[in-house]
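# An overview of the molecular structure
Listed here are the chains, written in short residue letters.
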Amino acid sequence: MNILGYAQRLGKALMLPIATLPVAALLLRLGQPDLLDIAFMASAGNAIFSQLPLLFGLGIAIGLSKDGAGAAGLAGAVAYFVLTATAQQINADVNMSFFGGIFAGIIAGHCYNAFHATRLPEWLAFFSGRRLVPIMAGLVAVVAGAVFGVVWPMVQHGLDTLAHGISTSGAVGQFIYGTLNRALIPVGLHHVLNSYFWFGMGSCQEIMVTATGAFSNIHQLCVDPAIAKTLVVGQEHTFTFKNAVTPEITAVVDSVKETIKTGDLNRYFGGDKSAGVFMNGFFPIMMFGLPGGALAMYLAAPSERRGQVAGALFSVAFCSFLTGITEPLEFMFMFLAPGLYAVHAVLTGLSLVVANMFGTLHGFGFSAGLIDFVLNWGLATKPVTLLIIGLAFGAAYFFIFSFLIRAFNMKTPGREDEEVAAPASKSKQPSGAVARQYLKALGGHGNVTTIDACITRLRLTLKDRSIVDEAVLKKLGAKGVVKLGENNLQVILGPLAEIVAGEMKEIPASDDLSDVVLP
């Protein structure tokens, strides 16, 4: 498989462990003293965040395996423990964080694909097949751990330098990250980019405090390890948070924990008052900007065709506003009007700059929609200001999109030269029959090598991509098609992608598709 195709497959595999974050964020947030004040609930949520590297190893191994087998997940856990222990034995300062989970998952996934059907001599038959996979993954992880124990300090230095460069470059770094976050969506690589910023960049150490005055409800904060290590446990100290966006907080330190949290997302939910820099700017875009763009596209459509696109545009805009899932809306104009999508990517980068310019900080466990905005309000800095920024970006999207669509005659929904069916509505939920139609349009069993799915797209490997009928795919409800390399194809379906993929996998190879009628 080509590098780009493999990278998008890895990005898809990352979605499995990331999907656990909403429930973790919910438990962690609701359990805090300023909400329900249920300590065991907060601990339950924190347990997921503290084990993210292991979850990455499990999820990626399963995602890269041929059939999503649990044996691959077990091998991922084995590889993670062996890899990290080996590396740290060679160099005690090695901390691979979530990268250890990613490499362990890659090792385990490929070991599963290589050895899950291996037959050993009769006297070793018990260890044949899937039982052999964790053993081989552990052996490979020993070698990889020995290598990483030597080379990872240099890699970590490079990553730290990159992180420092972006974090200290202020508006420039924020703009670059925000723009790339949207620009990489067409090839499905934005999850790989996000993983480093949200889970790997920056660190803080937990400090238990007894605060006074306006901050009497704060019991746990997360600060830079270099600062935390200067404190003496068991003695009273007055601590001033030097990097806080909020006014200075003075507190008496009770204890310093050994817990280190890495990444913008982990630090935010850990109580770091400087975290959220690479999350806050997405709220104005997902809650207000894209819905404003959807309204502009609706009004730009000819009056006689507005009824055809109204339902689809409203549903995907509301999905973006409520949950922060934007791909269904973005793919409605990404291929019809790529210039408009480029403007959207730039505006996203600009949103991060503006949000941080006004000193706002906010975070999410799933995505930057209304649910996360309200749920994490108590941890946010200047959330009202962020709402005002969001309204401004909603207006900006509306007027900029309206002008560009008309000035350059962009082919947004309802303005296409050819009649292209609107995305499937709720009344057209896919069934087994529809999955058979998709399979036939893709060339049938003989042409489809692998079938995977993420939240919004089918991810396919084909023998011959030229025989795929893209026109039929769009008539069936596909919002777009992404071609990667020579044999990789993504079909954008929206949130129903995983259902369609599952039904396609269940169609027997012996099933004759000649009787399937295509639109």
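A quick note: this is a predicted structure, and the numbers were derived from the prediction, not measured.

## Digging into the pattern of salt bridges
For the coordinates displayed, the defined rule picks out 5 salt bridges. Residues R182 and E330 are paired through a salt bridge, measuring 2.8 Å at the closest nitrogen-oxygen approach. You can see R182 sitting in helix 8 (residues 171-183) and its partner E330 sitting in helix 14 (residues 327-333), a full 148 residues away along the chain. Under the relative-accessibility criterion, R182 is labelled buried at 6%. One salt bridge connects R436 with D515, and the closest N-O pair in it is separated by 3.5 Å. With R436 in helix 18 (residues 432-441) and D515 in the segment after helix 20 (497-506), this residue pair connects regions lying 79 residues apart in the sequence.

## Considerations on the environment of V354
Secondary-structure assignment places V354 in helix 15 (residues 338-357). Among the residues examined, V354 registers a relative accessible area of 17% and is labelled buried. Along the sequence, V354 and N280 sit 74 residues apart, while their C-alpha atoms lie 9.8 Å from each other. Setting aside residues up to four positions removed in sequence, V354 forms contacts with I389 and F393.

## Focus on the side chain of N280
Tracing the chain through its elements places N280 in the loop between helix 11 (264-270) and helix 12 (282-300). Relative accessible area serves as the criterion here: at 0%, N280 is assigned to the buried category. Within the structure, N280 has its side chain in polar contact with the side chain of N356 (distance 3.2 Å).

## Thoughts on a nonpolar patch on the surface
Side chains of V172, F175, I176, L180, V346 and L350 sit close together on the surface and give an oily, nonpolar patch of about 480 Å² of accessible area. Contributions of two or more residues to the nonpolar patch are made by helix 8 and helix 15. Top element by residues in the nonpolar patch is helix 8. It accounts for 4 residues. By the secondary structure assignment, V172 is in helix 8.

## Remarks on the packing of helix 18 against helix 20
At their nearest, the axes of helix 18 and helix 20 sit 9 Å apart, and the two run at 80° to each other. Taken together, helix 18 and helix 20 sit at an angle that is classed as roughly perpendicular. Between helix 18, through G432, A435, Y438 and L439, and helix 20, the contact on the second element is made entirely by V500, E503 and M504. Tallied by class, the residues present in the contact of helix 18 with helix 20 amount to 5 nonpolar, 1 polar and 1 charged.

## Quick notes on the nonpolar core
By size, the foremost hydrophobic cluster in this structure holds 67 residues, and its most contacted members are F49, I60, Y177, W198 and F282. Counting residues per element, this core draws most heavily on helix 6 (residues 97-115), which supplies 9 residues. If we ignore the near neighbours within four places in the chain, the residues touching I60 are L10, A13, L14, I102, G105 and I106. With 33 residues, the next largest nonpolar core counts A301, A312, L329 and V482 among its residues.

## Digging into the UniProt feature "active site" (unreviewed entry) in the protein chain
UniProt tags C454 as "active site" (unreviewed entry). As for its placement among the helices and strands, C454 is situated in the loop between strand 5 (448-453) and strand 6 (457-462).

## Digging into the pairing of strand 8 (residues 488-492)
The buried fraction of strand 8 is high, at 5 of 5 residues. Both strand 6 and strand 8 contribute to a ladder of 5 bridges, which runs antiparallel. Residue pairing across strands places L460 opposite L489, the latter belonging to strand 8. Here strand 7 (residues 480-484) pairs with strand 8 via 5 bridges, running antiparallel. Note on strand 8: the bridge partner recorded for V481 is V491.

Cut-off values and rules
- Residues numbered from 1 in each chain as written.
- Predicted model: local features only at pLDDT ≥ 70, side-chain atom pairs only at ≥ 80, totals over all residues.
- Heavy atoms only, no water.
- Salt bridge = Lys/Arg side-chain N within 4 Å of Asp/Glu carboxyl O.
- Helix = DSSP H or I, 4+ residues; strand = E, 2+ residues; numbered from the N terminus.
- Buried < 20%, exposed > 50% of the residue type's maximum accessible area, 1.4 Å probe, protein only.
- Contact = heavy atoms within 4.5 Å.
- Polar contact = N/O pair within 3.5 Å; in protein donor to acceptor, adjacent residues only side chain to side chain.
- Patch = residues over 30% accessible without salt bridge, like charges linked within 9 Å, V, L, I, M, F, W, Y side chains within 5 Å.
- Areas by Shrake-Rupley, 256 points an atom, 1.4 Å probe, with all protein chains shown as cover.
- Axes fitted to C-alpha atoms, helices over the stretch in contact; angles between N-to-C directions.
- Parallel < 35°, antiparallel > 145°, perpendicular 65-115°, else oblique.
- Nonpolar A, V, L, I, M, F, W, Y, C, P; charged D, E, K, R; others polar.
- Core = buried A, V, L, I, M, F, W, Y, C linked by side-chain atoms within 4.5 Å.
- UniProt positions renumbered as here; feature names shortened; annotations may be inferred.
- Pairing = 2+ DSSP bridges.

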